[in-house]
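Close look at the chain arrangement
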Amino acid sequence: RPFSGQSAAAAFATPPPAPPKKPAPPSQGALNPPLTLRLRPAVTPPISPSTRGSETEAVAAGSSHDAETARIPSLQAENEETAPPPSSLRAEAEDTFDQPLQQQQRNEAPFAEEGLETAVAGEASHASSSPSPSQHLETLRRIIEEGGASANPQMPGAVEAAVGDAVNFNLEELVETMSLLCTLQQRAALRDVAPFVLQRVSDQESASPESLQAATQSLNFLGRAMIYYEALFQYCDDNLSQMDSKSLALYAYEGGRHGLRCKHLLDRAVEPLTALAGQGQMSVEDMLKAAQGLIRFTKDWAPFFEAATERLLEAHRSRGVLKEVSNAELLLSLRFCRDLLHRQQSFQLLREDLCKELKRREAERELSLPEVSVAFSCLDDRRSVSVKREQRTSYVRQQQQQHAASASASAAAAGEETHETAEERESGTGGMSAAADGEGVLLVDGEGPEAREFVVQAKRSLETMPLQDFLRSDMTVNDAVNVLDCLASRGMSRSTLFARLGDFLVENIAEVRHSTNIGLWLQGLEAFSNADRFHPGYIGKCADFGRDEFMVDRISIFQQSRVLNSFARLDYYDERLYNVLGDRIAAEFSLLKFMKEIAPLLTAYARANHIHTGIFDAAFVAVSEMIITDALPATKNMTLGVIDAALAFCVAGYHTREGFPVLLDAAFRDWDPSNPVALRRLFKIADACYHEAPDNFNESNAQQSMLEVLGHEWSRELRTKPDCRGPMKRQHEAEYERAVQSVMGILKRLGIKGQPSIAPDAISSSLIDVAVDAGEKKGIALLPPAMTLRTGPHGEELFTGTGFFALQQRLLGARGWTVSPLSVSELMQARSFEEKRELLIGRLHDLDVDIPFLDA
């Protein structure tokens, strides 16, 4: 049967039959004729027209011997001597079997009246006229040349005949038979022939390189049919020391094909593989074949990859072997270099050589879109960097200094901003968006220029590809997500590929929904959120998935949290979406054990001002227990997580509850004024507790620290700047300054004297952006993108009622001020002065402010 349409699970369901055992020769006088009638041959030889009569006579005589028994002359002679007359056979058979079976046997094999001698003669006649192994193989070759199974109706009979006579084949003929059957996609026949191979190699007194080569070749044919034959694997495992490099590489390749069920076997094969690779006794082809079998557990089998990488580097530097390998082998090498990039320098050097060769092939259009996407996935910054950001090596710092000046100039010419966010200043990775060609590409620890140049070159090639060719290419949705991941991880958020790939995913959204990777839609959503790019079509589809309880139930609680965090980073809010995700996360909240999992979740809900009591109640208890039991390590990231959680609790009103001083003690312990991100948030927490929860403020052991934060000069400096974040930080800050000037100009023409940046008091954590009536304490709050959210089916509507602005309104209200929100984005999108004027007049009416020159 063809195996092309069968699944691996079906292949594993039934093990192959055990090897046939040779029948023991019967003793003299012990041959029982009725028993002979009961048994049927294990393998039925084909019946040709010339031998059909003799075959019928042989079966009629009731011979119990298969083709192998018929070839033993001594056993034939013994049968002739001990066989009783035909009449006694007939009578005894009638006494032994019931009537239906008796009738069936008479119809299938009538007794020959000539006696047992005639039956034996017929059997010998059939054995002598049966096709030889070479004839069987020639028949199968001819069928393949004529077009295979679909074009030749004689194929089933030929396959059955070859399998029937396989017991007579030698080892070489059996291996060739399996090769031909694999070409013909005859999976059942392959399973039947495999035991004979095992029998032939096991019959040898000691394993030889030839027998082991035959065994591994047989494993290859079986593996291509997704057949797992444990006995043959065990035979190879028992004789690893006798294998040559080619057989051992093929054995590792086939073990990797079957995954975890062969991991214990490959654990023992790694040592001889490493020895052969280290001694230079493996060819490049064999090393890459073995690497493909071991690629699933690169870190467990790292010694082999270290030895193979050294040999590949030597071979390429001396003979340029990378120019001769296939694209798939290049990408395979790039993959294990990604996984082991920081293990030793040879992986970094090989990665540079691989990227240089890939760059050449991409320039000559020798790489397909799927291959480019795989290369992108292997160059993903988040996947290749295995150390923390604050532990970047001096190599990266040197590269940063070398490229900083040229990158700033070229980025300005190309419209690509390079800036240093507060988070990057804290972690020591600021200014790393640097490349000599003007593209903002994040440097990766241990990475040379070739990897960056390949990413930029491939990106430009995809951007300039005609849209119709791009959409009609053989790229899959998995390939598209791989490209998005790489671009986002390297800070290339301005690339037009985000729009093009987003359209591609929307067009193939059914494939995304029903993908075997149930989290594929989440992976694409995270890529857009990491790049801070909002694609209305794809984000809207993901929102539909998030509202679909069936789709949400398919993923784990950790993936559900990532979905919610991604929507929050994209500034998107939908009430039903947040409720569906929140209900499921709250039901299994006990599975979230770390602050890095809890804090972003709380921040997402607090920012949307969506107070899910199930999540906040469980998180309040969990965070308090972590702090009390000292389960939180004293690291900067962990402290920042506690600060985020405390600010979210302030937004939700939990800072007035008993037990909140525990969080204050942890948040303000060893606070660092040089960290602008943490200081801004601590300023808001201290302000909220001072005005809304004075009891907890006084009871906290961090009271003195909170007073210091409220009065610190850097805190007052931070409140003069808008709360902007992300890759577009500088652009948002510039838009905020233009918005203030625009509002001041419009107010002047309306006859209102506005005052920018008014501080309600000395310890206020926020300013009045534009005061329209200082005496009545009324003003306008200009909200940067970080203080607003998108809503609607495709994010086309603006939502200003965020939790952080709600907290700001409460704190300003405690000081007697009333503010009306005005989105900076909405003001900048107004095309004319009249539109901006109407927006501002609406806010003034909300504040009940008189407008002297309203009709001017």
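Our structure is the block above this text.
Description of the structure in this document. (Residues numbered from 1 in each chain as written. Predicted model: local features only at pLDDT ≥ 70, side-chain atom pairs only at ≥ 80, totals over all residues. Heavy atoms only, no water.)

1. Topic: the nonpolar core
Stated precisely, the cut-off is as follows: Nonpolar core, defined: a set of buried Ala, Val, Leu, Ile, Met, Phe, Trp, Tyr and Cys residues in which side-chain atoms within 4.5 Å join the residues together. Classification of residues uses two cut-offs on accessible area relative to the type maximum, computed with a 1.4 Å probe and protein chains only: under 20% is buried, over 50% is exposed, and between them is partly exposed. Working definition: helices are DSSP H or I runs of at least four residues, strands are E runs of at least two. Numbering for both runs from the N terminus.
Tyr251, Phe304, Phe305, Phe649 and Phe668 are the most contacted members of the largest nonpolar core, which has 213 residues in total. Ranked by residues supplied to this core, first place goes to helix H37 (residues 636–652) with eleven residues. If you look at the next biggest cluster of nonpolar residues, it comprises 23 residues, including Ala739, Val743, Leu827 and Leu839.

2. With respect to the sheet that holds strand E6 (residues 818–823)
In a beta sheet, neighbouring strands are held together by backbone hydrogen bonds and run either parallel or antiparallel to one another. Just so we agree on the cut-off: A pair of strands counts as paired when DSSP detects no fewer than two bridges linking them. Between N-to-C directions, angles cover 0 to 180 degrees, with each direction set by a line fitted to C-alpha atoms, over the stretch in contact for helices.
Spatially, the four strands line up as an open sheet ordered E1-E2-E3-E6, and their pairing is mixed. Both outer strands of the open sheet, strand E1 (755–758) and E6, are each paired with one neighbouring strand and no more. With strand direction ignored, the average angle separating the axes of adjacent strands in the sheet is 35°. Sheet analysis places strand E3 (residues 778–783) next to E6, joined by six bridges and oriented parallel.

3. Considerations on the pattern of salt bridges
To be explicit about the condition: Definition used for salt bridges: Asp or Glu carboxyl oxygen within 4 Å of a side-chain nitrogen of Lys or Arg.
Inspection of the entire model under this criterion finds 35 salt bridges. Across the pair Arg513 and Asp548 runs a salt bridge, and its minimum N-O distance is 2.9 Å. Here Asp548 lies in the loop between helix H31 (536–547) and helix H32 (549–553) and Arg513 lies in helix H29 (residues 509–513), a separation of 35 residues in the sequence.

4. A look at unusual backbone geometry
Residues other than glycine seldom take positive phi values, yet Met226 does so here, at roughly 60°. Summarising the element assignment, Met226 is placed in the loop between helix H13 (209–224) and helix H14 (230–238). You will see that Asn609, though not glycine, has its phi angle at about 55°, which is positive.

5. Structural notes on the environment of Gln741
Mapped onto the elements, Gln741 comes out in helix H43 (residues 729–749). Taking relative accessible area as the criterion, Gln741 reaches 58% and is therefore assigned exposed. A C-alpha to C-alpha distance of 9.0 Å links Gln741 and Pro756, two positions 15 residues apart in sequence.

6. Focus on the pairing of E3
Burial analysis of E3 places six of its six residues in the buried class, which makes it a mostly covered element. What you see with E3 is no split at all: Lys778, Ile780 and Leu782 on one side and Gly779, Ala781 and Leu783 on the other are buried throughout. Linking strand E2 (residues 768–773) back to E3 in an antiparallel pair, the connection comprises four residues, with Lys777 at a positive phi of about 55°.

7. A few points about the packing of helix H15 (residues 245–257) against helix H17 (residues 284–294)
The criterion, for reference: The scheme is simple: roughly parallel for angles under 35 degrees, roughly antiparallel for over 145, roughly perpendicular for 65 to 115, oblique for anything else. In a left-handed crossing the near helix is turned counterclockwise from the far helix by less than a right angle, and in a right-handed crossing that turn is clockwise. In what follows, residue pairs with any heavy atoms lying within 4.5 Å of each other are defined as contacts. Any residue outside Ala, Val, Leu, Ile, Met, Phe, Trp, Tyr, Cys, Pro, Asp, Glu, Lys and Arg is labelled polar, Gly included; the first ten of those are nonpolar and the last four are charged.
At a minimum axis separation of 7 Å, H15 and H17 run at an interaxial angle of 25°. On the basis of their axis angle, the class for H15 and H17 is roughly parallel. Both H15 and H17 take part in a crossing whose hand is left-handed. Along its contact with H15, which presents Ser245, Lys246, Ala249, Leu250, Ala252, Tyr253 and Gly256, the element H17 presents Asp286, Lys289, Ala290, Gln292 and Gly293. In the contact of H15 with H17, the residues fall into five nonpolar, four polar and three charged.

8. Structural notes on the packing of aromatic side chains
Rules: Between the rings of Phe, Tyr and Trp (Trp by its six-membered ring), a pair exists once the centres lie within 6.5 Å; its type follows the angle of the planes, with under 30 degrees stacked, over 60 edge-to-face, and the other angles tilted.
Summed over the entire model, instances satisfying the criterion amount to 19 aromatic pairs. Ring geometry for Tyr573 versus Phe799: centroids 5.2 Å apart, planes at 25°, classification stacked. Here Phe799 lies in strand E5 (residues 797–799) and Tyr573 lies in the loop between helix H33 (557–569) and helix H34 (575–587), a separation of 226 residues in the sequence. Residue Tyr573 is classed as buried on the basis of its relative accessible area, which comes to 11%.

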